[in-house]
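Remarks on the overall topology
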Amino acid sequence: MHVLPALITVLLLVAAGYAAGRIEALRFFFGAVVPLAAVAVFLGGIAWRVLRWAASPVPFRIPTTCGQQRSLPWLKHARLDNPATGWGVLGRMALEVLLFRSLFRNTKAELHAGPKLVYSEEKWLWLAALAFHWSFLIVFLRHLRFFMEPVPAFVLALQNLDGFFQIGAPVLYWSGVIILVALLYLLARRLWDPQIRYVSLFTDYFALMLLLGLVSSGLLMRYFTKVDIVAVKQLAVGLITLSPVVPAAVSPLVFVHLFLLSVLLAYFPFSKLVHMPGVFLSPTRNLANNNRARRHVNPWNYPVKVHTYEEWEEEFRDKIVAAGLPLDKE
Amino acid sequence: MSETVPKPDELVQIDYRPPVRDWMHTPVQFRRGTFCYAAAPKNLKYLEMPNPRDWQPMDEDWKLPENWREIILEGMRERLEKFRSFRLFMDICVRCGACADKCHFYIGSGDPKNMPVLRAELLRSVYRRYFTLAGRLAPKLAGARDLTVDVLKEWFYYFYQCTECRRCSVFCPYGIDTAEVTMLARELLNLVGCNINWAIEPVANCFRTGNHLGVQPHGFKDSIEFAVDELEDLTGVRVEVPIMKKGAEVLFIMPSADYFASPHYYTLLGYLLLFHHVGLDYTVSAYASEGGNFGLFTSHEMIKRLNDKMYREARRLKVKYLIGGECGHMWRVIHQYMDTMNGPADFLEVPVSPVTGTRFEHAASTKMIHICEFTADLIRHGKLKLDPSRNDHWKVTFHDSCNPARAMGLLEEPRYILRNVARHFYEMPENTIREQTFCCGSGSGLGTDENLEMRLRGGLPRANAVKYVRDRFGVNLLTCICAIDKATLPPLLDYWVPGVEVAGVHELVGNALVMEGEKPRTTDLRGQPLASIQPPEVTHA
Ligand code: SF4
Ligand code: SF4
């Protein structure tokens, strides 16, 4: 249902970026103002989101425990899946954030005749998600070469690693291929799997297609059409030093790439993409399961109406006496 | 079993294809057998809860307060500010679907709104409409929708079709816990008086008498005494059970079903033998006569209101610490909420086993330990005289109850006990146990007869795993440490896997315990002949 509108929206954005690159009067606006504004919205928006989450307290300590608790010393405690200390939590969070530990557990349930329920390993989602996020990070870091002079050593090292096999000229970066394949898989899965398609919203397709547009325009520029790298670098350095220039040699395709990135940045804080900072705050993952060892305080813990022993004794006095049970108040 | 329920081979014809119509515009159908009846007004009145009235979910008119929408939206706003979990879980779901087929209700029904992701979206769509910029500006594109009576009805149906088991949360890459969403959604529904009697009646009873079943002090005493007499008949040993004894070392709190329902009752017999065996100085209370807490299925406030009596009674009786019996959701409350809500328990002492000297440091603040922790420690120190052959008539498997597994991590203690008190123990497949355990399908107040079809559907994954070990190893006993399990698994297994019985872990402990001064045991605690006893030779005159 939502696929087409999302596709059309992204295509319109591509067209807008391209047009802006061709219309002299718009070049500065789209090449400098929009990107800078987008970065501001991104940073401000993320800060606002995180602060808003942080403003709501964590009244109860509710980790989801995924292994043996720490109780009796001779029982093997699952330090990472059911951490009892801050270090354990750190380990658990690192596994979640860096390796997508929970997604790794994924299985597929199938009902066979009998009836017989079968749960099989289903690692493709995990693999695609991990591949996408890690490649995105690498691609992002590689882009620092446009923004920094001299190019930091780690960026060069990363670049060498990424282009390890020295295939083609310009050298093929693996991250670029992997990110494209991963995104296509994620999109195909959303369309293919009837359940996932059923729950998908416009924003789910839009985010994927926006990223696909961003990645493809990048790949297009690197491998298929020539863009003036010097001009691009001038533009990039201008942006990061807040003294933007938009050289005439910057081609419209760069504008497409830049505009899609701007939209992504500005959209990020207002969409599900906030899962990126959000995962760090998830109370089922980032709290130690030391509930009975250390008291957790709820800042809004208020007094409630209870049924005290005295009231209870009063109400059931006759029966307590008849049963021969002790009374507090004779 | 009610006649309206289809046969297993019909029920298992599950259509997993989602409807063509998009979910936001598919109103809910209240089909008999798949929902619970509304709370009786007398119970709501007693608890001073909003909007008591006569109504039923299949009625057209739910007799909502006139400003029901404002009440709900205001309730949401308040909770978004009070619970980071709530705001975060409303914001960060990416609809990846990793949780989708992890829910037993989805597996058993094929209804896409039972996929945890969609269950939560029912609420998220409303959240987006009223609490996010995108949803206010472009509701269609943001996946936002108005809060209407139809939406409210849908909430009622699906949030009372989630057992708050947390299985989905194990698989979510962000730890989104649909159980938490359900808990908050139910709080919202409670604000306008949309609640179910199977949850509210136990709450009302518990608030008044101290326990779900409404057992009053004399009834409590009678059933304990009955158990003592029965134990004497079975074992020849007369145990003593001090009721409300001041100055005892330990206050023992169990779910009321243990002293009033079967097969829970045999677990009670097990506890009593165990305490006698090690000479524990303990007491039980007719006031704090319930470990379970259906407040957990109602609201955070109600959890606190009901759980108050545990510490209150411990203080009055001047005990040193508490031990809690076999109950699943009770342990979620004790482990994750009690200390925060009703603590600090600074008038108690860190639990120390009087038999082994073990200091239970992990309960240093809450001062309450699980009976399985207590028993496992006893066995480890060789303090129990056990004859596991007395459980030879059982081929045993263990069902991890949702809450001890996923809100605590009590996985190995019961297994250690079982391996020591029984000789034939078999695990179910690994995707169905420990943190991946499947719910009984009847938790969180849904275990009522009118909801039987849905319970049987939700229980299918659990029952199917039991079937696997029954067919493969001849398992004939499913053990567990949960009162709701003990009540609802027997009919579930009868339906899907006949021939498998249900028991508490401490029932098997009781069978195996060799008591001082006991008479030769010929039966187990159920009065069934032991396998090791040869049938007496029949001589004909
Ligand atoms: S696994 Fe988590 S993020 Fe994915 S759909 Fe389910 S709740 Fe949303
Ligand atoms: S908590 Fe359990 S019942 Fe509820 S949605 Fe998640 S898996 Fe389903």
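Rules of the game
Residues numbered from 1 in each chain as written. Chains lettered and ligands numbered in written order. Predicted model: local features only at pLDDT ≥ 70, side-chain atom pairs only at ≥ 80, totals over all residues. Heavy atoms only, no water. Helix = DSSP H or I, 4+ residues; strand = E, 2+ residues; numbered from the N terminus. Rg over C-alpha atoms; globule rule 2.2 N^0.38 Å. Contact = heavy atoms within 4.5 Å. Areas by Shrake-Rupley, 256 points an atom, 1.4 Å probe, with all protein chains shown as cover. Lys, Arg positive; Asp, Glu negative; His and termini not counted. Charge placed at Lys NZ, Arg CZ, Asp CG, Glu CD. Domains from an automatic or database assignment. Buried area = accessible area lost by both parts, 1.4 Å probe. Salt bridge = Lys/Arg side-chain N within 4 Å of Asp/Glu carboxyl O. Polar contact = N/O pair within 3.5 Å; in protein donor to acceptor, adjacent residues only side chain to side chain. Nonpolar A, V, L, I, M, F, W, Y, C, P; charged D, E, K, R; others polar. Patch = residues over 30% accessible without salt bridge, like charges linked within 9 Å, V, L, I, M, F, W, Y side chains within 5 Å. Buried < 20%, exposed > 50% of the residue type's maximum accessible area, 1.4 Å probe, protein only. Core = buried A, V, L, I, M, F, W, Y, C linked by side-chain atoms within 4.5 Å. Pairing = 2+ DSSP bridges. Axes fitted to C-alpha atoms, helices over the stretch in contact; angles between N-to-C directions. Phe/Tyr/Trp six-rings, centres within 6.5 Å; stacked < 30°, edge-to-face > 60°. Near = heavy atom within 4 Å.

The next point concerns the overall build of chain B. A count of helices and strands for chain B gives 24 helices and 7 strands. The C-alpha atoms of chain B give 24 Å as radius of gyration, which agrees with the globular expectation for 541 residues (24 Å, within 12%). For chain B, restricting intrachain contacts to residue pairs at least 6 apart in sequence, the fraction spanning at least 24 positions comes to 77%. Of the roughly 17,300 Å² of accessible surface on chain B, a fraction of 50% belongs to carbon and sulfur atoms. Of the side-chain charges in chain B, 65 are positive and 68 negative, and the distance between the mean point of each set is 4 Å.

Now for the domain arrangement of chain B. Residue and element names in this part refer to chain B. Its domain assignment divides chain B into domain 1 (8-30 + 50-194) and domain 2 (203-540). Inter-centroid distance (C-alpha atoms) of domain 1 to domain 2 is 33 Å. Counting residues at the interface gives 28 residues for domain 1 and 33 residues for domain 2. Buried surface at the junction of domain 1 and domain 2, both sides included, amounts to about 2,600 Å², of which 63% is carbon and sulfur. Counting the contacts that link domain 1 with domain 2 gives 0 salt bridges. There are 12 residue pairs in polar contact (both at pLDDT 80 or more) connecting domain 1 and domain 2. Of all the elements in the fold, those that place two or more residues in the side of domain 1 that touches domain 2 are α1 (8-11), α5 (104-109), α10 (167-171) and α11 (178-191). For the side of domain 1 that touches domain 2, the element with the highest residue contribution is α11, accounting for 6 residues. Residue classes in the side of domain 1 that touches domain 2 are distributed as 14 nonpolar, 7 polar and 7 charged.

Let us look at a negative patch on the surface. Residue and element names in this part refer to chain B. Taken together, the side chains of Asp59, Glu60, Asp61 and Asp150 make up a negatively charged region of the molecular surface. Among the secondary structure elements, Asp59 is positioned in the loop between α2 (41-47) and α3 (68-82). Judged by relative accessible area, Asp59 falls into the partly exposed class, the value being 31%.

If you look at the biggest cluster of nonpolar residues, it comprises 185 residues, and the most contacted ones within it are B:Met76, B:Leu123, B:Trp155 and B:Trp496. Looking at this core element by element, the count peaks at 13 residues for helix α10 (residues 202-224) of chain A. Each of two domains, domain 1 (8-30 + 50-194) and domain 2 (203-540) of chain B, supplies a minimum of three residues to this core. In this structure B:Met76 touches B:Phe86, B:Leu123, B:Val126, B:Tyr127, B:Phe131, B:Trp155 and B:Leu188, once residues within four positions along its chain are discounted. Membership of the second largest hydrophobic core comes to 92 residues, among which are B:Ile243, B:Leu273, B:Tyr321 and B:Phe398.

All names here are of chain B. With respect to topology, 4 strands assemble into an open sheet ordered β2-β1-β3-β4, the strand pairing being parallel. Taken across any chain shown, the strands that pair with only one partner, and hence form the sheet edges, are β2 (282-283) and β4 (368-370). With 3 bridges joining them, strand β3 (residues 321-324) and β4 adopt parallel strand pairing. Bridge pairing in β4 places Gly324 opposite His370. Set on the sheet, helix α17 (residues 328-342) makes contact with β1 (250-253), β3 and β4; between it and β4 the angle comes to about 145°. The sheet strands contacting helix α18 (residues 371-380) are β1, β3 and β4, and the helix crosses β4 at an angle near 70°.

Applying the stated criterion across every chain yields a total of 43 aromatic pairs over all chains. Between A:Phe60 and A:Trp300 the ring centres are 6.1 Å apart and the planes differ by 85°, which places this aromatic pair in the edge-to-face class. In this pair, A:Phe60 is assigned in the loop between α2 (24-55) and α3 (86-99) and A:Trp300 in the loop between α13 (275-278) and α14 (309-322), connecting sequence segments 240 residues apart. As far as burial versus exposure is concerned, A:Phe60 and A:Trp300 are alike and both buried. One aromatic cluster in this structure is built from B:Phe30, B:Phe35, B:Tyr37, B:Trp55, B:Trp62, B:Phe156, B:Tyr157, B:Tyr158 and B:Tyr160.

The next point concerns the site of ligand 2. Residue and element names in this part refer to chain B. Surveying the vicinity of ligand 2 reveals the residues Cys103, His104, Pro116, Arg119, Cys162, Thr163, Glu164, Cys165, Arg166, Cys168, Thr178 and Ala179. Looking at the shell around ligand 2, the elements with two or more residues in it are α6 (116-131) and α11. Grouping the constituent residues of the shell around ligand 2 by class yields 6 nonpolar, 3 polar and 3 charged.

Around ligand 1, the neighbouring residues are B:Cys93, B:Val94, B:Arg95, B:Cys96, B:Gly97, B:Ala98, B:Cys99, B:Val117, B:Cys172, B:Pro173, B:Tyr174 and B:Ile176. Residue composition of the shell around ligand 1, by class: 10 nonpolar, 1 polar and 1 charged.

We now examine the pairing of strand β1 (residues 107-112) of chain A. Residue and element names in this part refer to chain A. As paired elements, β1 and strand β2 (residues 116-121) share 6 bridges and run antiparallel to each other. Each residue of the ladder has a partner; that of Leu111, found in β2, is Leu117. The loop that links β1 with its antiparallel partner β2 comprises 3 residues; one of these, Gly114, has a positive phi angle of about 140°.

This part takes up the sheet that holds strand β7 (residues 501-504) of chain B. Residue and element names in this part refer to chain B. Here we have 3 strands laid out as an open sheet, ordered β5-β6-β7, and parallel in their pairing. Of all strands in the sheet, those with a lone pairing partner are β5 (396-398) and β7, marking the two edges. The sheet shows a mean angle of 35° between the axes of neighbouring strands, direction not considered. Where β5 and strand β6 (residues 477-480) come together, 3 bridges link them in parallel fashion. Bridging from a neighbouring strand, Val396 pairs with Leu477 of β6. Across the sheet, helix α24 (residues 505-512) is in contact with β5, β6 and β7; its angle to β7 comes to roughly 80°.

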